[in-house]
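Topology and contacts: notes
This is what each chain is made of:
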Amino acid sequence: MSRIVWFDCASGASGDMVLGAVVDLGLPVERLREEVGKLPFGGWRLEARRVDRSGLAATKVDVVVEEQKPAHRHLRHIVAMLDASSLEPGLKERCRSLFRRLAEAEAAVHGTDPEKVHFHEVGAIDSIVDIVGGAFALEWLGASRFVASPLNVGSGTVTMSHGTFPVPPPATARLVAGVPVYGDGEGELLTPTGALLVTAHATEYRSLPPMRIERTGHGAGGRDTKGRPNVLRLVVGEE
């Protein structure tokens, strides 16, 4: 029997929702802080609390940063941070791969080379912590494989450093190429970090696969939307 994890993305996904869902499943916040603390920079802290999302109890994880100015980092800057960290070699390599894939998506959108891409929102400390923490958290689950529902990207527009774009914005659309998606609900529900983490792990997209459920975790998004719990649900079980 092997362990399987199902991402239920009915309300989209984001990096902090992934962290919240795995903490809800039992990952100690101190363990998460300790692992991400192996990165060679400070100026941030990780906070977790229980919240209500449309009547459903969930865990909200926030990365609180002291960084005042937005940092526009290149891929090489983030790779240098990973290289200088004391993360385990396997996790370090997975994180390099995640940021490389993100750079390739941004480069395709802007018609440039991955090495020349400026990470704006995703180059900020909170997004770096979300991605590295998310990669560690999903590894902590000890799953043989991940499956995801079709991804709800949301609807409307989102404003970023380059301007206002329809949902899904260009880089997110690149990250979910070839993956079943749909748009339901107001605003951007699937963020680039959420799209990156889900699509890097899921090998199949479908409704809940046959399993013997062990645990369910709910990671809360920032908004409390009426009539739809704004959570990412992770269902863990034995196939």
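For the structure, see preceding data.
Because the structure is predicted, anything quoted here is derived from the model rather than measured. (Residues numbered from 1 in each chain as written. Predicted model: local features only at pLDDT ≥ 70, side-chain atom pairs only at ≥ 80, totals over all residues. Heavy atoms only, no water.)

1. Describing the nonpolar core
- Ranked by size, the top nonpolar core spans 61 residues in total, and within it Phe7, Leu141 and Leu234 carry the most contacts.
- Per element, the largest residue contribution to this core is nine residues, and it comes from helix H5 (residues 125-140).
- Those residues within four positions of Phe7 in sequence are excluded, and the remaining contacts are Leu138, Phe146, Val147, Ala148, Ser149, Val198, His201, Leu232, Arg233 and Leu234.
- Ile4, Trp6, Val147 and Met211 belong to the second-largest nonpolar core, a separate cluster that totals five residues. (Core = buried A, V, L, I, M, F, W, Y, C linked by side-chain atoms within 4.5 Å. Buried < 20%, exposed > 50% of the residue type's maximum accessible area, 1.4 Å probe, protein only. Helix = DSSP H or I, 4+ residues; strand = E, 2+ residues; numbered from the N terminus. Contact = heavy atoms within 4.5 Å.)

2. Overview of the pattern of salt bridges
- Tallied over the entire structure, the rule returns 17 salt bridges.
- The shortest N-O distance in the salt bridge between Arg94 and Glu139 comes to 1.9 Å. Within this pair, whereas Arg94 is found in helix H4 (residues 89-110), its partner Glu139 is found in helix H5, the two being separated by 45 residues in sequence.
- The exposure class assigned to Arg94 is partly exposed, which follows from its relative accessible area of 36%.
- Glu239 is the partner of Arg145 in a salt bridge, and the nearest nitrogen-oxygen pair spans 3.0 Å. With Arg145 in strand E6 (residues 145-148) and Glu239 in the segment after strand E15 (231-238), the pair connects residues that are 94 residues apart, well separated along the chain.
- Arg145 sits in the partly exposed class, given a relative accessible area of 26%.
- You can call Glu239 partly exposed: its relative accessible area is 34%. (Salt bridge = Lys/Arg side-chain N within 4 Å of Asp/Glu carboxyl O.)

3. Side note on the layout of surface pockets
- By volume, the second largest pocket is sized at about 180 Å³.
- Ser11, Ser14, Asp16, Met17, Glu188, Leu189, Thr191, Gly221, Gly222, Arg223 and Asn230 together form the lining of the second largest pocket.
- Here the lining of the second largest pocket is built from residues that sort into two nonpolar, six polar and three charged. (1 Å grid on protein atoms, 1.4 Å probe; cavity = no way out; pocket = protein on both sides within 12 Å on 5 of 7 lines; lining within 4 Å. Points joined across faces, edges and corners; volume = space filled by probe spheres on them. Nonpolar A, V, L, I, M, F, W, Y, C, P; charged D, E, K, R; others polar.)

4. Some details on the environment of Glu238
- Residue position: Glu238 is located in strand E15.
- In the structure, Glu238 is positioned 130 residues away from Ala108 in sequence and 39 Å away in space, judged by C-alpha atoms.
- Leaving out residues up to four positions away in the same chain, Glu238 has contacts with Met1, Ser2, Arg3, Ile4, Met211, Arg212 and Glu214.

5. Re unusual backbone geometry
- Here the residue pair Val167 and Pro168 is connected by a cis peptide bond, since its omega of -5° sits within 30 degrees of zero.
- Relative to the helices and strands, Pro168 is located in the loop between strand E10 (163-166) and helix H6 (170-175).
- Phi angles above zero are rare outside glycine, and Ser54 is one such case at about 55°.
- With respect to the element layout, Ser54 can be found in the loop between strand E2 (44-53) and strand E3 (56-65).
- Of the residues examined, Ser54 reaches a relative accessible area of 30% and is grouped as partly exposed.

6. Thoughts on the state of the cysteines
- Taken as a whole and assessed by the stated rule, the structure comprises zero disulfides.
- The thiol of Cys9 is not disulfide-bonded; the next cysteine sulfur, from Cys95, is found 19 Å away.
- When its relative accessible area of 0% is taken as the criterion, Cys9 is described as buried. (Disulfide = S-S within 2.5 Å.)

7. As for the packing of H5 against helix H7 (residues 192-201)
- Here H5 crosses H7 at 25°, and the two axes come no closer than 10 Å. Relative to H7, the element H5 is oriented roughly parallel. Relative to H7, the crossing made by H5 is right-handed. Facing H5, whose interface residues are Ser127, Asp130, Ile131, Gly134, Ala135 and Leu138, H7 presents Thr193, Leu196, Leu197 and His201.
- Its residues assigned to classes, the contact of H5 with H7 comprises five nonpolar, four polar and one charged. (Axes fitted to C-alpha atoms, helices over the stretch in contact; angles between N-to-C directions. Parallel < 35°, antiparallel > 145°, perpendicular 65-115°, else oblique. Left-handed = near helix turned anticlockwise from the far one by under 90°.)

From the geometry alone we can't say anything about function, so treat these as descriptive.
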